[in-house]
Amino acid sequence: MQQQYCGYVSIIGRPNVGKSTLLNHLLGQKISITSRKPQTTRHRLLGIKTEKEGQIIYVDTPGLHQNQHNAMNRYLNRAALSSIEGMNVILWVLEALKWTDEDAYILNIIEKINIPIIVVINKVDKITAKNELLPYLQEISKKYHFTDIIPASALQGHNLVAIENKIKQFLPISPLLFPEEYITDRSERFLCAELIREKLINRLGAELPYRITVQIEYFKTEEKLIHISAIIWVERSSQKAIVIGKQGRNLKEAGKAAREEMEVLLENKVFLQLWVKVKQGWSDDERALQQLGYGDIDV
Ligand SMILES: Nc1nc2c(ncn2[C@@H]2O[C@H](COP(=O)(O)OP(=O)(O)OP(=O)(O)O)[C@@H](O)[C@H]2O)c(=O)[nH]1
Ligand SMILES: [Mg+2]
C-alpha cells in the first residue's frame, strides 16, 4: 500500500487578512465564517482535507492582535497561540503590499519556534500597481528564512494548489488522524451558531459585532425538520434594539440567511428561532465568557 502523509497546518495572521477565506477555499467547502470586519473568527477550528495520498489538517485561528485590554481579546490571542504547538507547518497570511506592527509582532513570536513557515501573500487580486509586488516580496524575504513566500488570492482561488503542494513536502508519513469523511472537528451546533453570527456581523455597524455572541439553546431533529433555537447575547439593551432592527427586519433577514445556509449544511429543512437577550459586559467577564463557550479547554 502507498504510504500516506498526515499532519497539522496552522493558519495564522493578524485579523482580517483572509485566513478563514483561505481555509474554506483550500477545503473547497465553507466551514469557517468570514466577514469584512476584523476578529470574526473566535475559536480554533479544524478543516480536514483527505485525499488518496493523505490528509491535511488545517487549523483556522482567531487573528492575532496587540490590543489585550479586554477578556475576549486575551482569549482570542490564547486560542491563536495555542494552535502553534505541535504543528508541522505554519501558514502565515499577510495582506499584499501591507506590513503592520501586528505583522511584526507575529513574526517576533513565530521566528522563535522551529517549524517551517510558508508565507501566503493574500489578496493579490486587489493590487492595481502590479509592479509593486516584486519589491514587496523581496522585502518580506529579508525578514526571516521562510520556507516559501507564495502570492495568492484566497477569494479567487489563485495559487492555492501551489500552497498545498508546498505543504505536502513538509508533512510526515503517518496514519490518518481523522476518519476520511470528517471535514471538521466542530459540531453541527457550533457551525450553526457561527452562521447566525456571520449573518448578523454582515448587517451591523463597526462596533457591534464584538458585543455579540450566539448560544444554541435547542437543536433537535423532529419529524421532517431540524428545530434550532438560539440566543443572541448582547451587552446593552440599546444593542438589542439595533440587532432586532426596525419592525424586527434585521433579525428576520439575518435569520433567513442563516437558515438557508444551515439547510444546505445539514441537508435538511430547518425551523430557526432567534431570541436576543442582554448580559451586561459579557465580553470582559471571564466567568461569563466561560459560560458562553469561551473556555480554556480546547480553545
Ligand atoms: N479581494 C480579496 N478579498 C479577500 C481575499 N481573501 C479574503 N478576503 C476578504 O477579506 C475579508 C476578511 O476575510 P476573513 O477570511 O474573514 O479574514 P480572517 O483573517 O479570517 O479574519 P479574522 O477571523 O477576523 O482574523 C473578507 O471580506 C474576505 O472576503 C482575497 O484573496 N481577495
Ligand atoms: Mg477568520
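Residues numbered from 1 in each chain as written. Chains lettered and ligands numbered in written order. Predicted model: local features only at pLDDT ≥ 70, side-chain atom pairs only at ≥ 80, totals over all residues. Heavy atoms only, no water.

Sorry if this is basic, but what is going on with the domain arrangement of the protein chain here?
A common way to report how large an interface is uses the accessible area buried once the components associate. Here the protein chain is partitioned into domain 1 (5-168) and domain 2 (188-291). Computed over C-alpha atoms only, the centres of domain 1 and domain 2 are separated by 27 Å. Contacts between the two partners involve 18 residues from domain 1 and, on the opposite side, 23 residues from domain 2. For the pairing of domain 1 and domain 2, the buried interface totals around 1,700 Å² over both sides, and the portion due to carbon and sulfur atoms is 50%. (Domains from an automatic or database assignment. Contact = heavy atoms within 4.5 Å. Buried area = accessible area lost by both parts, 1.4 Å probe.)

I tried to follow the coordination of the magnesium ion (ligand 2) on my own but got confused; where do I start?
Any two of four tetrahedral donors ideally make an angle of 109.5 degrees at the metal, while pairs among six octahedral donors ideally make 90 or 180 degrees. Protein-derived coordination of the magnesium ion (ligand 2) comes from S20 (OG) and T41 (OG1), at a distance range of 2.0 to 2.1 Å. Linking S20 in helix α1 (residues 19-27) with T41 in the loop between α1 and β2 (45-51), this pair joins segments that are 21 residues apart in sequence. Among the residues examined, T41 registers a relative accessible area of 9% and is labelled buried. (Donors = N, O, S within 2.8 Å, 3.2 Å for Na, K, Ca; no water. Helix = DSSP H or I, 4+ residues; strand = E, 2+ residues; numbered from the N terminus. Buried < 20%, exposed > 50% of the residue type's maximum accessible area, 1.4 Å probe, protein only.)

Help me understand the site of ligand 1, please; the structure alone is not making it clear to me.
Around ligand 1, a shell composed of 22 residues is seen, among which K19, T21, Q39, T40 and D125 lie nearest. Contacts to ligand 1 include T40, whose backbone N or O atom sits 2.7 Å from an oxygen atom. A distance of 3.2 Å separates an oxygen atom of ligand 1 from a polar atom in the backbone of G63. Protein burial of ligand 1: of its 650 Å² of free accessible surface, 91% is covered by the chains. Of all the elements, α1 adds the most residues to the shell around ligand 1, at three residues. Residue classes in the shell around ligand 1 are distributed as five nonpolar, twelve polar and five charged. (Near = heavy atom within 4 Å. Polar contact = N/O pair within 3.5 Å; in protein donor to acceptor, adjacent residues only side chain to side chain. Areas by Shrake-Rupley, 256 points an atom, 1.4 Å probe, with all protein chains shown as cover. Nonpolar A, V, L, I, M, F, W, Y, C, P; charged D, E, K, R; others polar.)

Help me out: how do you make sense of the sheet that holds strand β6 (residues 148-151) in this one?
Consider a sheet: its strands pair through backbone hydrogen bonds, and that pairing is either parallel or antiparallel. Here six strands make up an open sheet; going across it, the order is β2-β3-β1-β4-β5-β6 and the pairing mixed. Each of the sheet's edge strands pairs with one partner strand only, and the pair in question is β2 and β6. Along the sheet, successive strands turn relative to each other by an average axial angle of 20°, direction set aside. Pairing of strand β1 (residues 5-12) with strand β4 (residues 89-95), which is carried by four bridges, proceeds in the parallel orientation. By the bridge assignment for β4, I12 is matched with W92. The strands touched by α1 within the sheet are β1, β2, β3 (54-60), β4 and β5 (117-122), with β2 carrying the most contacts at an inclination of about 25°. (Pairing = 2+ DSSP bridges. Axes fitted to C-alpha atoms, helices over the stretch in contact; angles between N-to-C directions.)

Would you mind going over the sheet that holds strand β9 (residues 269-278) with me for this structure?
Here we have three strands laid out as an open sheet, ordered β7-β8-β9, and mixed in their pairing. Looking at which strands have only one partner, the edges of the open sheet turn out to be β7 (213-221) and β9. Averaged over all neighbouring strand pairs, the angle between strand axes comes to 15°, with direction disregarded. In terms of strand pairing, β7 meets strand β8 (residues 225-234) through eight bridges, oriented antiparallel. Opposite T221, over in β8, you have I226 as the bridge partner. Packed onto the sheet, helix α8 (residues 249-266) meets β7, β8 and β9 and runs at close to 140° relative to β9.

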